[in-house]
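The lines below spell out each chain.
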Amino acid sequence: MTRIQIPRGTQDIMPGTVELWHYVEAKARDLCRRSNYAEIRTPLFESTELFQRGVGETTDIVEKEMYSVANPRSTDALTLRPEGTAGVVRSYVENKLYGVPNQPTKLYYLGPMFRHERPQAGRYRQFVQFGAEAIGSSDPAIDAEVIGLAIRLYQELGLTGLSVELNSVGTVEDRARHREHLLAHLNGVRSELCEDCQSRIDRNPLRVLDCKNEKCKTLTMDAPSILDYLSEESATHFEAVQNYLTALDIPFHVNPRLVRGLDYYTLTAFEIKMAEIGAVETLCGGGRYNGLVAELGGDDMPGIGFALSIERLLLALEKQGVQLPISGGIDCFVVVQTPEAKTTAFVLVDQLRQAGIAAELDYLDRKMKAQLKQADRLQARFTAIIGESELTNGTVVLKEMATGEQQEVKREELVSVLAAKANQ
């Protein structure tokens, strides 16, 4: 029979690698704890309408990348979540988190997302995102806090050479003033733009500036900048964000072409990049979405957030040669010399595990020499050997694998002895 293979654009995260994921995820959770962001877990699939209204019908995500299915029992269409913000905001509105005394509402999520796009370095069709959202405050300081939360994660993991690109995409009113001048420029080069951009001109012209096509980038190089059409209030907000980032010693570069690929962004938009990861240099992206809560049925509440790919983060660490302090191996491998000692060893392993000591024994009836080799492969720090005499005497021979030093220990004292050695 032919083997069934893993779907394209997905990956198996195997033992030996998954420990890196554990470390990064623990670091992200701890950073959020220190910054007073609480975890939220939303469904892997939501109503398709949520993403059409929340992310935007003219975005690549909605137009090309969503995994959507019709519900055979109703008229509802469901979609595997392609991003996290829309689901978090839906939950914020539905569960009335705006009424919780501690405001603003600060949340983070960590879990799989799904997009049907061309797999490439650090980009999969099923991928894991870590993201944070702060809803309920329009203070530019919280914009800087959110950007700082993302950059601090990379820094604490050991990445260097990061750059923050920053822009303001203004308010709806700012973009309306900008739109007339932008359309004049785009219509002048319409026939030379790619098919997607020609379609976007009439529906969402600002999105043309987000096109990755090199020819489109060149043709729109001199397009009017949104920064020239910001209201005084919007410009003041943007300047304050920059001042707060400077106060945090977070370097940034203002990029007037940065608009991000989602329709819900207002005012602050940002990306964190690192050139060394190759074709996909963007590690993280985010921004304000002051109209999204109202769009999804809630009160008109401001919000800001970011999302980053764990896969790209790990790729960046690999490219920079950053070695995470991952400790492998087990504490003790119990070696059985005679079949009669198997039950005793089995119970002893369970006792060690209950005491918080990582322990293992042989399940393949191997000879003692092979068991010791297995202990070595498992990077066991100690072996506890039970032979005929040890079984009779109620003892084990405890061997430290690194030094070969051995001592006889009473079985009932093995837990305390190993615990004491673990602290040495």
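Because the structure is predicted, anything quoted here is derived from the model rather than measured. (Residues numbered from 1 in each chain as written. Predicted model: local features only at pLDDT ≥ 70, side-chain atom pairs only at ≥ 80, totals over all residues. Heavy atoms only, no water.)

**A closer look at the overall build of the protein**
No. 1: Check the secondary structure of the protein and you find 15 helices and 16 strands.
No. 2: What you see for the protein is a C-alpha radius of gyration of 28 Å, clearly larger than the 22 Å of a compact globule of 424 residues, by over 25%.
No. 3: Relative to its 424 residues, the protein shows a buried fraction of 47%.
No. 4: Taking the contacts inside the protein whose residues are at least 6 apart along the sequence as the reference set, 68% of them involve residues at least 24 apart. (Helix = DSSP H or I, 4+ residues; strand = E, 2+ residues; numbered from the N terminus. Rg over C-alpha atoms; globule rule 2.2 N^0.38 Å. Buried < 20%, exposed > 50% of the residue type's maximum accessible area, 1.4 Å probe, protein only. Contact = heavy atoms within 4.5 Å.)

**Section: the pattern of salt bridges**
No. 1: Enumeration according to the criterion identifies 20 salt bridges in this entry.
No. 2: The salt bridge partner of Arg90 is Glu94, with a shortest N-O separation of 3.1 Å. Note that Arg90 and Glu94 are positioned in helix H4 (residues 85–94) at a spacing of four residues, about one turn of the helix.
No. 3: You can call Glu94 exposed: its relative accessible area is 52%.
No. 4: The salt bridge involving Lys273 is made with Glu281; its shortest N-O contact spans 3.5 Å. (Salt bridge = Lys/Arg side-chain N within 4 Å of Asp/Glu carboxyl O.)

**Structural notes on the nonpolar core**
Taken as a class, soluble globular proteins show a tendency for nonpolar side chains to be buried jointly.
No. 1: In this structure, Phe130, Tyr154, Phe306, Leu308 and Ile310 are the most contacted members of the largest nonpolar core, which totals 44 residues.
No. 2: When residues of this core are assigned to their parent elements, the largest contribution, ten residues, is made by helix H5 (residues 140–157).
No. 3: Phe51, Ala86, Ile201 and Leu219 belong to the second largest nonpolar core, which has 42 residues in total. (Core = buried A, V, L, I, M, F, W, Y, C linked by side-chain atoms within 4.5 Å.)

**Comments concerning the packing of aromatic side chains**
No. 1: For the structure shown, the criterion picks out three aromatic pairs.
No. 2: Relative to Tyr98, the ring of Tyr92 has its centre 5.9 Å away and its plane inclined at 70°; by these criteria the two rings are edge-to-face.
No. 3: Accessibility expressed as a relative area gives 0% for Tyr92, which makes it buried.
No. 4: Among the aromatic residues, ring-to-ring pairing joins Tyr108, Phe130 and Phe306 into one connected group. (Phe/Tyr/Trp six-rings, centres within 6.5 Å; stacked < 30°, edge-to-face > 60°.)

**Digging into the packing of helix H1 (residues 18–34) against helix H11 (residues 310–319)**
No. 1: Two numbers describe how H1 lies on H11: the axes approach to 11 Å, and their chain directions differ by 105°. In terms of orientation, H1 lies roughly perpendicular with respect to H11. Where H1 approaches H11, its residues Leu20, Trp21 and Val24 are matched on the opposing element by Ile310, Glu311, Leu313, Leu314 and Leu317.
No. 2: Its residues placed into classes, the contact of H1 with H11 shows seven nonpolar, no polar and one charged. (Axes fitted to C-alpha atoms, helices over the stretch in contact; angles between N-to-C directions. Parallel < 35°, antiparallel > 145°, perpendicular 65-115°, else oblique. Nonpolar A, V, L, I, M, F, W, Y, C, P; charged D, E, K, R; others polar.)

**Here we look at the sheet that holds strand E15 (residues 395–400)**
No. 1: As summarised here, the arrangement of the five strands in space is E13-E12-E14-E15-E16, forming an open sheet in which the pairing is mixed. The outermost strands of the open sheet, each flanked by one partner alone, are strand E13 (359–361) and strand E16 (406–410). Strand-to-strand twist of the sheet, defined as the mean angle between neighbouring strand axes without regard to direction, takes the value 25°.
No. 2: Bridge count between E15 and E16: five bridges; the pairing is antiparallel. Residue pairing for E16: Thr395 is matched across the bridge by Lys410.
No. 3: Here helix H12 (residues 342–354) sits on the sheet in contact with strand E12 (332–336), E13, strand E14 (382–386) and E15, set at roughly 165° to E13.
No. 4: Here helix H13 (residues 368–377) sits on the sheet in contact with E12 and E14, set at roughly 170° to E12. (Pairing = 2+ DSSP bridges.)

**Comments concerning a nonpolar patch on the surface**
No. 1: A grouping of Leu44, Phe45 and Leu80 is seen on the molecular surface, where their side chains present a nonpolar patch of about 250 Å² in accessible area.
No. 2: Counting through the fold element by element, Leu80 comes out in strand E4 (residues 77–80).
No. 3: On the basis of relative accessible area, Leu80 is assigned to the partly exposed category, the value being 30%. (Patch = residues over 30% accessible without salt bridge, like charges linked within 9 Å, V, L, I, M, F, W, Y side chains within 5 Å. Areas by Shrake-Rupley, 256 points an atom, 1.4 Å probe, with all protein chains shown as cover.)

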